[in-house]
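As a plain string of letters, each chain reads:
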Amino acid sequence: MSKHLPHFASGQIVRGFGRGSRELGIPTANFPLEVVKSLPVELETGIYYGWAQVDHGPVYKMVMSVGWNPFYDNKEKSMETHILHNFGRDLYGCLLKVCIVGYLRPEQNFDSLEALIEAINTDIREARELLEADEHKKTKENSFFKECNNNGNSKDTNGF
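Residues numbered from 1 in each chain as written. Predicted model: local features only at pLDDT ≥ 70, side-chain atom pairs only at ≥ 80, totals over all residues. Heavy atoms only, no water.

- As named in an unreviewed UniProt entry, the chain is Riboflavin kinase, taken from Tabanus bromius.
- UniProt lists a comment for the chain under the heading Pathway (unreviewed entry), and it reads "Cofactor biosynthesis; FMN biosynthesis; FMN from riboflavin (ATP route): step 1/1."
- According to UniProt, the comment filed for the chain under the heading Cofactor (unreviewed entry) is "Zn(2+)". (UniProt positions renumbered as here; feature names shortened; annotations may be inferred.)

1. Here we look at the pairing of strand 5 (residues 78-83)
In step 1: Of all six residues in strand 5, six are buried; the element is thus mostly enclosed.
In step 2: The alternating pattern of strand 5 places Ser78, Glu80 and His82 on one face and Met79, Thr81 and Ile83 on the opposite face, and all of these are buried.
In step 3: Here two bridges tie strand 2 (residues 29-30) to strand 5, and the two strands are oriented antiparallel to one another. When the sheet's bridge partners are listed, Asn30 is paired in strand 5 with Glu80. (Buried < 20%, exposed > 50% of the residue type's maximum accessible area, 1.4 Å probe, protein only. Helix = DSSP H or I, 4+ residues; strand = E, 2+ residues; numbered from the N terminus. Pairing = 2+ DSSP bridges.)

2. Some remarks on unusual backbone geometry
In step 1: The residue after Leu5, namely Pro6, is reached through a cis peptide bond having omega 5 degrees.
In step 2: If you check the backbone angles, Asp55 has positive phi at about 45 degrees while not being a glycine.
In step 3: Its place among the elements puts Asp55 in the loop between strand 3 (46-54) and strand 4 (59-67).
In step 4: Exposure remark for Asp55: the relative accessible area of 40% places this residue in the partly exposed category.
In step 5: Even without glycine at this site, His56 takes up a positive phi of about 65 degrees.
In step 6: With respect to the helices and strands, the residue His56 is situated in the loop between strand 3 and strand 4.

3. Description of the pattern of salt bridges
In step 1: Scanning the model with the defined rule gives three salt bridges in all.
In step 2: Between Lys61 and Glu132 there is a salt bridge; the shortest N-O distance is 2.4 Å. You can see Lys61 sitting in strand 4 and its partner Glu132 sitting in the loop between helix 3 (113-130) and helix 4 (134-140), a full 71 residues away along the chain.
In step 3: We classify Glu132 as partly exposed; its relative accessible area is 41%.
In step 4: Taking the shortest distance from any N to any O, the salt bridge between Asp123 and Arg105 comes out at 2.8 Å. With Asp123 in helix 3 and Arg105 in strand 6 (residues 95-105), this residue pair connects regions lying 18 residues apart in the sequence.
In step 5: The exposure class of Asp123 is buried, given its relative accessible area of 4%.
In step 6: For Arg105, a relative accessible area of 13% puts it in the buried group.
In step 7: Residues participating in the shared-partner salt-bridge network are Lys61, Glu132 and Lys137. (Salt bridge = Lys/Arg side-chain N within 4 Å of Asp/Glu carboxyl O.)

4. Quick notes on the pairing of strand 1 (residues 7-12)
Remark: a regular strand shows side chains that alternate across the two faces of the sheet.
In step 1: Counting buried positions along strand 1 gives five out of six residues, so the element sits mostly inside the fold.
In step 2: When strand 1 meets strand 6, the two strands line up antiparallel, connected through six bridges. The partner of His7 across the bridge, within strand 6, is Ile100.

This is the structure:
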């Protein structure tokens, strides 16, 4: 595990580019730019996995893209979280808390939308399996997910 993980972040869910649900069929919850900018510089761009919680509810598995999404040529770095749960509604304005526990792969460009979707689905399958490890399950129970007074900033708690 990276010496910069686990990494904890929280903030209000904001509108992204609208591509996750519409183009990919894989909805994402997006952090505001100030949360993205508070990531440690040592945390490289790429695809991560971990845990996510919306508005102090249950904690679910998640996959997160951190970076510029070369397929879409983004101009701003983003943190796009795909929570492995169907909420059946939009989550804009809700509080999102995440714990990034592992790194899956670097960011990459794709030749087609289909190739991108296939890679994301592979990431999801890998994350589901990896999060079954005991070392990751204990992170799901971290007190970070029980705190109700979060100021929306990112924090690194390697010594949790």
